[in-house]
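A look at the structure
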Amino acid sequence: MSKKVYLGMIADIMHPGLTNIINEGAKYGDVVIGLFTDKAIATHKRLPYLSYEQRREVLMNIKGVSDIVPQDEWSYVPNLLKYKPDYIIHGDDWVQGPDKYIRDEVYKTMEKLGGEVIEIPYTQGITSSGLANELASLGTTPQARLSSLRRLISAKPVVRILESHNGLTGLIAEHTSVDIDGQHREFDGMWSSSLTDSTSKGKPDIEAVDLTTRLHDLNDTLEVTTKPIIFDGDTGGKVEHFGFTVRTLERLGISAVIIEDKVGLKQNSLFGTDAVQTQDTIEGFCIKIKAGKAAQITRDFMIISRCESLIAGKPVDDALERCHAYVEAGADGIMIHSKDKSGEDVKEFCKRFREKDAHTPIVAVPTTYNQFTEEELAEWGINIVIYANHMLRAAYPAMVKCAETILTHSRSLEAAEQYCMPIKQILNLIPGTKNK
Ligand code: SPV
Ligand code: MG
């Protein structure tokens, strides 16, 4: 009987480095590809360009591949125990770097199984991540960006979204990353916040900045990013207008709009009951949701209903009744908002909502109950966490401090030393600035 050779792959962009490993593996026996699923990839890297099925289709047609099985974890161990290969083959690039622990686990498991690890020299000059970076620099299309949010929701335990109100904050959301305990972390997308958008224009958050202006400026973010965008649609405006808003957002490649169940003059939710705000009736808001869904052209765009009951001081029961009705009316997700610092109300809501509805995505904006980690919020049943205002809240005090320091000293020396990035750094901040 021929031997079994296991080879883990993402196989998003096929290149000679990968076919070389397949050919090397085939010398030892039948090559079984452990094809990483979106779920396995999502917590470590950006989602592949191609879906699992598309990547599988490509691999099936490659010479030397005997079988393809899903690898549902970043770790190889569960699949090695399940398929018990005689060999596992991997490029020697995992000897160092963040995947070193993966290698250690594989060695231990193969030893237990009586199998062998084959490491083959890495093909110089060509890597999947290098090619992915090249592709990313070419940008995206509205449809690819739009549909990526639904993919992320189904692939990740929790989707992490950062507020962005201009091109620069868009670049921060797009490119900022950290490596913690061998895990690569970055933001999954952007939130176009009505609060930070209007505040950065010196205007109040009362729908005074009209949709045309907001979208005009959102174009700066669209120009320099590829990740999905969730648009804060405030109340959604008049029912008759909301369908037009949905179509405009879809055309731009926005993934979702969140509208809140308020009528009349909207004020920011974090005023809570300090501001007079009126909640829409369930029937009234459901009509708006239906109008939006009827106008939608793509399958992937999401209309998310935001419930303001807890903000208005009403009980969790009221929020539950409303949210179930909104889903019934066609909402693709719900956002539960609260300004309570304990988080208890949101937690109770999520638990009880999930008793009746296991799948509808729940969005949370933990601005006030910020002691909970994403992992904890995911345990409550939350699918999307939005950091709704932090870029602007971080920038503003720093700018005021700098302005005050210039005034205090009648010169900029002290301010530049204490509060400013070096000129050299800002000149090179934006990709493509300099002629090479
Ligand atoms: C926003 O960011 O504009 C929001 C969230 O709507 S909140 O400010 O908490 O109401
Ligand atoms: Mg808002």
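What counts as what
Residues numbered from 1 in each chain as written. Chains lettered and ligands numbered in written order. Predicted model: local features only at pLDDT ≥ 70, side-chain atom pairs only at ≥ 80, totals over all residues. Heavy atoms only, no water. 1 Å grid on protein atoms, 1.4 Å probe; cavity = no way out; pocket = protein on both sides within 12 Å on 5 of 7 lines; lining within 4 Å. Points joined across faces, edges and corners; volume = space filled by probe spheres on them. Helix = DSSP H or I, 4+ residues; strand = E, 2+ residues; numbered from the N terminus. Nonpolar A, V, L, I, M, F, W, Y, C, P; charged D, E, K, R; others polar. Expected span 1.5 Å × (residues − 1). Buried < 20%, exposed > 50% of the residue type's maximum accessible area, 1.4 Å probe, protein only. Near = heavy atom within 4 Å. Polar contact = N/O pair within 3.5 Å; in protein donor to acceptor, adjacent residues only side chain to side chain. Areas by Shrake-Rupley, 256 points an atom, 1.4 Å probe, with all protein chains shown as cover. Domains from an automatic or database assignment. Buried area = accessible area lost by both parts, 1.4 Å probe. Salt bridge = Lys/Arg side-chain N within 4 Å of Asp/Glu carboxyl O. Pairing = 2+ DSSP bridges. Axes fitted to C-alpha atoms, helices over the stretch in contact; angles between N-to-C directions. Contact = heavy atoms within 4.5 Å. Donors = N, O, S within 2.8 Å, 3.2 Å for Na, K, Ca; no water. Phe/Tyr/Trp six-rings, centres within 6.5 Å; stacked < 30°, edge-to-face > 60°.

This part covers the layout of surface pockets. Space inside the second largest pocket adds up to approximately 690 Å³. Taken together, the elements giving at least two residues each to the lining of the second largest pocket come down to helix 8 (167-175), helix 9 (194-200) and helix 16 (390-409). Counting residues per element, the lining of the second largest pocket draws most heavily on helix 16, at eight residues. Here the lining of the second largest pocket is composed, by residue class, of 17 nonpolar, five polar and no charged.

For helix 7 (residues 142-155), which comprises 14 residues, the first-to-last C-alpha distance of 21 Å matches the rise-based estimate of 20 Å (1.5 Å per residue) to within 8%. Within helix 7, the full set of buried residues consists of Arg145, Leu146, Ser147, Ser148, Leu149, Leu152, Ile153 and Ala155.

With that settled, consider the site of ligand 1. Taken together, Trp191, Ser193, Ser194, Leu195, Asp232, Asn268, Ser269, Leu270, Arg306, His337 and Ala388 are the residues near ligand 1. Within the contact set of ligand 1, an oxygen atom lies 2.8 Å away from a side-chain nitrogen or oxygen of aspartate 232. Within the complex, the protein chains bury 99% of what would otherwise be the 290 Å² of accessible surface of ligand 1. Residue composition of the shell around ligand 1, grouped by class: four nonpolar, five polar and two charged.

Quick look at the domain arrangement of the protein chain now. The domain boundaries assigned to the protein chain delineate domain 1 (4-130), domain 2 (139-388) and domain 3 (394-429). Just the C-alpha atoms count here: the centres of domain 1 and domain 2 sit 37 Å apart. With both sides pooled, the region where domain 1 packs onto domain 2 buries about 1,100 Å², and carbon together with sulfur makes up 52% of that total. Viewed at the interface, domain 2 and domain 1 are joined by two salt bridges. The tally of links from domain 1 across to domain 2 stands at five residue pairs in polar contact (both at pLDDT 80 or more). Tallying contributions element by element places helix 2 (residues 38-42) first for the side of domain 1 that touches domain 2, with three residues. Here the residues of the side of domain 1 that touches domain 2 are counted per class, giving seven nonpolar, three polar and three charged.

Here eight strands make up a closed barrel; going around it, the order is 6-9-10-11-14-15-16-17 and the pairing parallel. On average, each strand axis in the sheet is inclined to that of its neighbour by 25°, with strand direction left out of account. In this sheet, strand 11 (residues 256-260) lies alongside strand 10 (residues 229-232) in parallel orientation, the contact comprising three bridges. In the sheet register, phenylalanine 231 faces strand 11, and the bridge partner there is valine 257. Sheet strands in contact with helix 12 (residues 282-295) are strand 11 and strand 14 (302-307), and its direction is about 165° off that of strand 14. Along the sheet face, helix 14 (residues 344-356) touches strand 15 (333-336) and strand 16 (362-364) and points at about 155° away from the line of strand 15.

A separate point is the pattern of salt bridges. Inspection of the entire model under this criterion finds 27 salt bridges. A salt bridge links glutamate 24 to lysine 27, with the nearest nitrogen and oxygen atoms 3.0 Å apart. Overall, the relative accessible area of 61% leaves lysine 27 in the exposed class. In this structure, the salt-bridge partner of aspartate 38 is arginine 151, at a minimum N-O distance of 3.3 Å. In this pair, aspartate 38 is assigned in helix 2 and arginine 151 in helix 7, connecting sequence segments 113 residues apart. Look at aspartate 38 and you get buried, because its relative accessible area is 15%.

Glancing now at the coordination of the magnesium ion (ligand 2). At the metal site, the magnesium ion (ligand 2) is ligated by Ser194 (OG) and Asp232 (OD), and these contacts range over 2.1 Å. Pair noted here: serine 194 is in helix 9 and aspartate 232 is in strand 10, with a separation of 38 residues, a long-range link. For serine 194, a relative accessible area of 5% puts it in the buried group.

Turning our attention to the sheet that holds strand 1 (residues 4-9). Two strands in a sheet stick together by hydrogen bonds in their backbones, pointing the same way (parallel) or opposite ways (antiparallel). Spatial strand order, 3-2-1-4-5: five strands in an open sheet with parallel pairing. In this open sheet, the two strands that pair with only one neighbour each are strand 3 (65-71) and strand 5 (116-120). With strand direction ignored, the average angle separating the axes of adjacent strands in the sheet is 30°. Alignment of strand 1 against strand 2 (residues 30-36), held across six bridges, turns out to be parallel. Its bridge partner being in strand 2, leucine 7 is matched across the sheet by isoleucine 33. Docked against the sheet, helix 5 (residues 100-113) engages strand 4 (87-91) and strand 5, running at close to 140° with respect to strand 5.

Now for the packing of aromatic side chains. In the structure shown here, the tally under the stated rule is ten aromatic pairs. When the centroid spacing of 5.4 Å and the interplanar angle of 65° are considered together, the rings of phenylalanine 36 and tryptophan 74 count as edge-to-face. Taken as a pair, phenylalanine 36 in strand 2 and tryptophan 74 in the loop between strand 3 and helix 4 (77-83) lie far apart in primary sequence, 38 residues in all. Owing to a relative accessible area of 5%, phenylalanine 36 belongs among the buried residues under this scheme. Look at tryptophan 74 and you get buried, because its relative accessible area is 12%. Look at phenylalanine 349 and phenylalanine 353: their rings are 5.6 Å apart centre to centre, the planes differ by 15°, and that puts the pair in the stacked class. Within this pair, phenylalanine 349 and its partner phenylalanine 353 are both found in helix 14, separated by four residues, close to a single helical turn. In this pair, the class of phenylalanine 349 matches that of phenylalanine 353, namely buried.

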